[in-house]
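What the coordinates show
Chain by chain, the residues run as shown.
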Amino acid sequence: MRNHKRLSPFLVLLFFSATLSITAYGLTKPMLAHEAYPVPLPQAPACYVAATTCESTIIPSPPTEQQPTRAPTLALTETLLEPRPLDGKSWLPRPIELVSAAELRGANRQPLADVPCVDGFADVFPCDQVDLLAFLPHTLIGGDTNNDMWGWTDPATGIEYAMVGARDGVAFVDISNPIAPRYLGKLPTHAMRSSWRDLKVYKDHLFVVADLNPVHGMQVFDLTQLRTLTITAATTATAIVFGETAHYAAFSDAHNLAINEESGYAYAVGGETCNSGLHMINIQDVNAPVGVGCYSEDGYIHDTQCVIYHGPDPAYQGRELCFNSSVGQFTIVDVTDKSTPTRLSAVPVDGTVYIHQGWLTPDQRYFLLDDEMDEMFGHHNTRTYIFDVSDIDVPRFVNAYTAAVASIDHNLYISGTYAYEANYTSGLRILDLQDLAQGSLTEAAFFDVYPENNEPVFAGAWTAYPYYKSGVVAISTLDRGLFLVRPQLEPDVVLNQPLTEIAFCATETTLPQFEITFDLLARNQYTQVVELRTAQLPNTATVSFTPAQVDLGATTQATSTLAVNVAMVADGPYTFTVEARSTKNAVLDQATVRLHLASVPGRIPTLQTPITRTQRVADIPFAWSSDPNVTGYYLELATNADFATPVYTATVASAALTLPETLAYGQTYYWRVQPRNGCGVGATSATGQFRTPVGLFLPIVRR
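Each value, and the rule that gives it
Residues numbered from 1 in each chain as written. Predicted model: local features only at pLDDT ≥ 70, side-chain atom pairs only at ≥ 80, totals over all residues. Heavy atoms only, no water. Helix = DSSP H or I, 4+ residues; strand = E, 2+ residues; numbered from the N terminus. Buried < 20%, exposed > 50% of the residue type's maximum accessible area, 1.4 Å probe, protein only. Lys, Arg positive; Asp, Glu negative; His and termini not counted. Salt bridge = Lys/Arg side-chain N within 4 Å of Asp/Glu carboxyl O. Polar contact = N/O pair within 3.5 Å; in protein donor to acceptor, adjacent residues only side chain to side chain. Contact = heavy atoms within 4.5 Å. Phe/Tyr/Trp six-rings, centres within 6.5 Å; stacked < 30°, edge-to-face > 60°. Lys NZ or Arg CZ within 6 Å of the ring centre and 35° of its normal. Core = buried A, V, L, I, M, F, W, Y, C linked by side-chain atoms within 4.5 Å. pLDDT = per-residue confidence, 0-100. Disulfide = S-S within 2.5 Å. Pairing = 2+ DSSP bridges. Axes fitted to C-alpha atoms, helices over the stretch in contact; angles between N-to-C directions. 1 Å grid on protein atoms, 1.4 Å probe; cavity = no way out; pocket = protein on both sides within 12 Å on 5 of 7 lines; lining within 4 Å. Points joined across faces, edges and corners; volume = space filled by probe spheres on them. Nonpolar A, V, L, I, M, F, W, Y, C, P; charged D, E, K, R; others polar.

As for the side chain of Asp-222
Inspection of the secondary structure puts Asp-222 in strand β15 (residues 218-222). No salt bridge is formed by the buried Asp-222; its nearest oppositely charged neighbour, Arg-227, is found at 7.2 Å. One polar contact links Asp-222 to Thr-224, side chain to side chain, over a distance of 2.6 Å. When sequence neighbours within four positions are dropped, the list of residues in contact with Asp-222 reads Asp-204, His-205 and Thr-245.

Topic: the packing of aromatic side chains
Applying the stated rule across the entire model yields 28 aromatic pairs. Considering the side-chain rings of Phe-622 and Trp-671, the 5.0 Å spacing of their centres and the 85° angle between planes classify their relative orientation as edge-to-face. With Phe-622 in strand β48 (residues 621-624) and Trp-671 in strand β52 (residues 668-677), the pair connects residues that are 49 residues apart, well separated along the chain. Residue classification places Trp-671 among the buried positions, given a relative accessible area of 0%. One cation-aromatic arrangement involves Lys-200 over Trp-150; the distance from NZ or CZ to the ring centre is 4.9 Å. The ring of Phe-643 carries the charged tip of Arg-672 above its face, separated from the ring centre by 4.0 Å.

Observations regarding the nonpolar core
Membership of the largest hydrophobic core comes to 50 residues, with the highest contact counts inside it found for Met-163, Phe-172, Leu-206, Leu-223, Leu-226, Leu-368 and Leu-482. Once residues within four sequence positions are removed from consideration, Leu-223 is found in contact with Trp-152, Met-163, Phe-172, Val-201, Asp-204, His-205 and Leu-206. Residues Leu-532, Leu-537, Ala-541 and Val-564 belong to the second largest nonpolar core, which totals 30 residues.

What to know about the confidence of the model for the chain
Across the chain, pLDDT averages 84, with 82% of residues at or above 70. Contacts for the low-pLDDT stretch residues 232-236, under 50 throughout, to residues beyond four places or in other chains number 7 contacts.

Details of the state of the cysteines
Counted by the stated rule, this structure contains 4 disulfides. Each disulfide pairs two cysteine sulfurs, and for Cys-117 the partner residue is Cys-127, the sulfurs being separated by 2.1 Å. Looking down the S-S bond of the Cys-117 and Cys-127 bridge, the torsion is 105°, so its handedness is right-handed. Of this pair, Cys-117 sits in the loop between β5 (112-115) and β6 (121-122) while Cys-127 sits in strand β7 (residues 125-128), placing them 10 residues apart in sequence. With relative accessibility at 4%, the residue Cys-127 sits in the buried group. Going through the chain in sequence order and numbering each bonded cysteine, the pairs you get are 1-2, 3-4, 5-6, 7-8.

Points about the sheet that holds strand β27 (residues 366-371)
Two orientations exist for strands paired in a sheet by backbone hydrogen bonds: parallel and antiparallel. The antiparallel open sheet is built from 4 strands, whose spatial order is β26-β27-β28-β29. Here the strands that pair on one side only, and so sit at the sheet edges, are β26 (355-360) and β29 (396-402). Each neighbouring strand pair of the sheet contributes to a mean axis angle of 25°, computed without reference to strand direction. The pairing of β26 with β27 spans 5 bridges and is antiparallel. Note that in β27 the partner of Leu-360 across the bridge is Phe-367.

Remarks on empty space enclosed by the protein
For the coordinates displayed, the defined rule picks out 3 cavities of 30 Å³ or more. Each pocket or cavity is described by its volume, and for the second largest cavity that value is around 40 Å³. The wall of the second largest cavity is formed by Thr-382, Arg-383, Thr-384, Tyr-401, Ala-403, Glu-421, Asn-423, Arg-429, Leu-431 and Glu-443. Mapped by element, the contributors of at least two residues to the lining of the second largest cavity are β28 (383-388) and β32 (428-432). Its residues assigned to classes, the lining of the second largest cavity shows 3 nonpolar, 3 polar and 4 charged.

Thoughts on the environment of Leu-552
Among the structural elements, Leu-552 can be located in the loop between β42 (549-551) and β43 (557-565). The exposure class assigned to Leu-552 is buried, which follows from its relative accessible area of 2%. Along the primary structure Leu-552 and Val-493 are separated by 59 residues, whereas in three dimensions their C-alpha atoms are 9.0 Å apart. For Leu-552, the contacting residues outside a window of four places in its chain are Val-493, Ala-522, Tyr-526, Thr-527, Gln-528, Val-530 and Ala-558.

Written as structure tokens, this is what we have:
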């Protein structure tokens, strides 16, 4: 039995039963975290047929305190008993006249088209700055409930397609006219039905895996076949059953699939091979995939993103790295050599329960991560974890963004400076990454595909695909179908700077001037001139921008270089801002820079504590004299006076440190501190010495 069937020490869940059952390690057949409904939802009356127009009347319902409702434009007239989720856990009959208007839309699953977001709603769907272009219920895209999805744009025709995973295969939808999408046909599953299907695209071919599905393997489908379909109004009624182009059978099932399009390798995870880790496949010949290696050290990996690393850590630039969501930890693995993959770092994340999935920012400096169970067991709202991965060996947790609603987050993808999260019952949530360097995320827009509630249950949005050039975002859902939406975000400008802290040495032999280049990004069709200015620099500093004004009507990206002459500025720390202003003098964005200006190395520190001896061996405070012209201090701790083999070293910004290590009892230790600033390394302090207390050992009394 493989690891993800026995999630020790993690809790195993059984959902959609009358009560939530939680058992420990050893359950013979646990569900995965996002178990789908046990059976497909009931099929339709005549309204579900594509060519049928449903005559109906509006059934009003009173609003509730928890969820505002609006009368739907279409509604069923039947008063039959419909199987509907009564409390998110059990399936019981309900008289349809007692169902709220928002739930009624879910029961109807009527197609919708071209519904703008007005006063916080698009039809019955709550929204903010996101218009509904079209909704196709799952009954109109092959008839079965859905799961993951991906997108493809035909390079020859420019036509955009949505590929939507279903329990019985993959549905293909032409979205070139997003207010009139066309279902083209389905690629059937290679083996059994599955609630978990994952799909990605490489070289105009679709690759598909499925979980809990013996002998499924990986399907390959040539997407260029879709070009040959005749564009007629009758296409939906004559949907095609496609056949796979190739098949890879070296594993049976897998939970997820990642493809590095730059290298031509696929990575299947969560399967029965490679200890449920990375099953690596060369897909450069799309018709003949070849297995090339395994990475198994993590055990079960739920999802991964694998890239050729072009980020800020020079030690790994040009290497192929996988960023793994491994349920109990976040890991980074070097897979450049497929025969000997190497784990570079592993970080357990405080507060997480089931680390599910994550994605890198375009500059590969940050990684956003979601957990699929922390909302339920942590009893908090939707939470997104932010990691600084600029040092690959030591990823650093920055902050956690907590949303205003309690839904479970599922898959997130980043496009430009926005993260697009599919958060089950709260639907699509678009987060602005503009202040990510400060550890801050802000919700910019949303579209709620599940108006019934925002509770932490497994219903609603599965994946939001944001990479179409048209600006369309496609959303797949467990229980509804396919939504096509278009965000209407406010035009603005993002000012990015590579340096937030500068240590500069201004000596008589050097030019007393430093430069910083800033990137300007126009978002959401911003087309105006931007002027750059500084604020809060000393009056004695001379500044200039090249150029001082940037016309973002001609380009969406530009740079400007700030030159600061500090010949007349006194040594010391300074904080100043760089502002991007509109022609009306409004601040569009700003960046904060901390400047440490010095003309000589830092003064020799005087050690203050510990001296002679300590009263404990853990959490020992260290302190020494500070110097405002110092940007950092290097501390060494050793058991010998020559510091040949230090037991602890650290670089800190302030003149104090609480030792994170536990020392030995009855041991003499030596320590010293060295100041550093823009002028280099200063003279090292005198050596301090202290002794830890002798441990108290009680004799064992035998009776």
